Amino acid sequence: MIKVGLILGIAGACRTDELVNLTVDDIEDVGSSLIVKIPNTKTKIPRIFVVTDVGNMLELFRKYLSLRPPHVKHKRLFLYYKAGKCSSQPVGKNTMGKIPSVVASYLKLPDVACYTGHCLRRSSATLLADAGVDFTTIKRHAGWKSTTVAEGYVENSIENKTKIANQV
């Protein structure tokens, strides 16, 4: 659950509640990629993003989906996984929001409490900016209307600072 939440959260610049409310019907597996629809967003503008098979991400998603018990009566994607089994209980906002701190703890990063669910959205914007993606595309991807808001999410990374230094 943590790996799939991380993949979808960063790939789609998702808010915690967007991940919590994802359903199995919101994701279409087209073989070489996943098409993910976020129908209910904070801005009321639905978004769509694609997850490709970089680093076996599709295999992880398919494995997670295959663990879903057949008796689950709801369509929410994220279910609790405990004691080697997927339960029918959906994951809540607090558990989903702790994914970045769980990953930070696993990586032995300092100040793990600083890693919140919003880090997925921020990381997505930062990764796109580091890759040279323009702000218009970043805004569309994350569903932001304002360039100022988008710029506020892009972390001042070493990659960005190095690019700027090389251009000076």
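The rules we used
Residues numbered from 1 in each chain as written. Predicted model: local features only at pLDDT ≥ 70, side-chain atom pairs only at ≥ 80, totals over all residues. Heavy atoms only, no water. Helix = DSSP H or I, 4+ residues; strand = E, 2+ residues; numbered from the N terminus. Rg over C-alpha atoms; globule rule 2.2 N^0.38 Å. Buried < 20%, exposed > 50% of the residue type's maximum accessible area, 1.4 Å probe, protein only. Areas by Shrake-Rupley, 256 points an atom, 1.4 Å probe, with all protein chains shown as cover. Lys, Arg positive; Asp, Glu negative; His and termini not counted. Charge placed at Lys NZ, Arg CZ, Asp CG, Glu CD. Salt bridge = Lys/Arg side-chain N within 4 Å of Asp/Glu carboxyl O. Phe/Tyr/Trp six-rings, centres within 6.5 Å; stacked < 30°, edge-to-face > 60°.

By the naming in an unreviewed UniProt entry, the chain goes by Tyr recombinase domain-containing protein and is assigned to Molorchus minor.

Student: Could you clarify how one ought to interpret the overall build of the chain in this entry?
Tutor: A count of helical and extended segments in the chain gives 9 helices and 5 strands. Each helix and strand of the chain, ordered N terminal to C terminal, gives the series α-α-β-β-β-α-β-β-α-α-α-α-α-α. In terms of overall size, the chain behaves like a compact globule, its C-alpha atoms giving a radius of gyration of 17 Å where 168 residues would be expected to give roughly 15 Å. Within the span of the chain, comprising 168 residues, buried residues form 38% of the whole. For the chain, the exposed area adds up to about 10000 Å²; of that, 57% sits on carbon and sulfur atoms. If the 24 positive side-chain charges of the chain are averaged to one point and the 14 negative ones to another, these points end up 7 Å apart.

Student: Honestly, the pattern of salt bridges in this entry has me stumped. Any pointers?
Tutor: Side chains bearing opposite charge may pair, as long as their charged atoms lie close to each other. For the structure shown, the criterion picks out 4 salt bridges. Put simply, E18 and R15 hold a salt bridge, and the shortest N to O gap is 2.7 Å. Side by side, E18 and R15 carry an identical accessibility label, which is buried. Taking the shortest distance from any N to any O, the salt bridge between R62 and D29 comes out at 2.6 Å. Within this pair, whereas R62 is found in helix α3 (residues 57–66), its partner D29 is found in strand β1 (residues 27–29), the two being separated by 33 residues in sequence. Taking relative accessible area as the criterion, D29 reaches 37% and is therefore assigned partly exposed. A cluster of three or more residues bridged by salt bridges with shared partners is formed by R15, E18 and R47.

Student: Could you clarify how one ought to interpret the packing of aromatic side chains in this entry?
Tutor: Both the distance between ring centres and the angle between the ring planes are used here to describe each pair of aromatic rings. Overall, the coordinates contain 1 aromatic pair when judged by the stated rule. With 6.0 Å between their ring centres and 40° between their planes, Y64 and F78 make a pair best called tilted. In this pair, Y64 is assigned in helix α3 and F78 in the loop between α3 and β4 (79–82), connecting sequence segments 14 residues apart. When sorted by exposure, Y64 lands in the same class as F78, which is buried.

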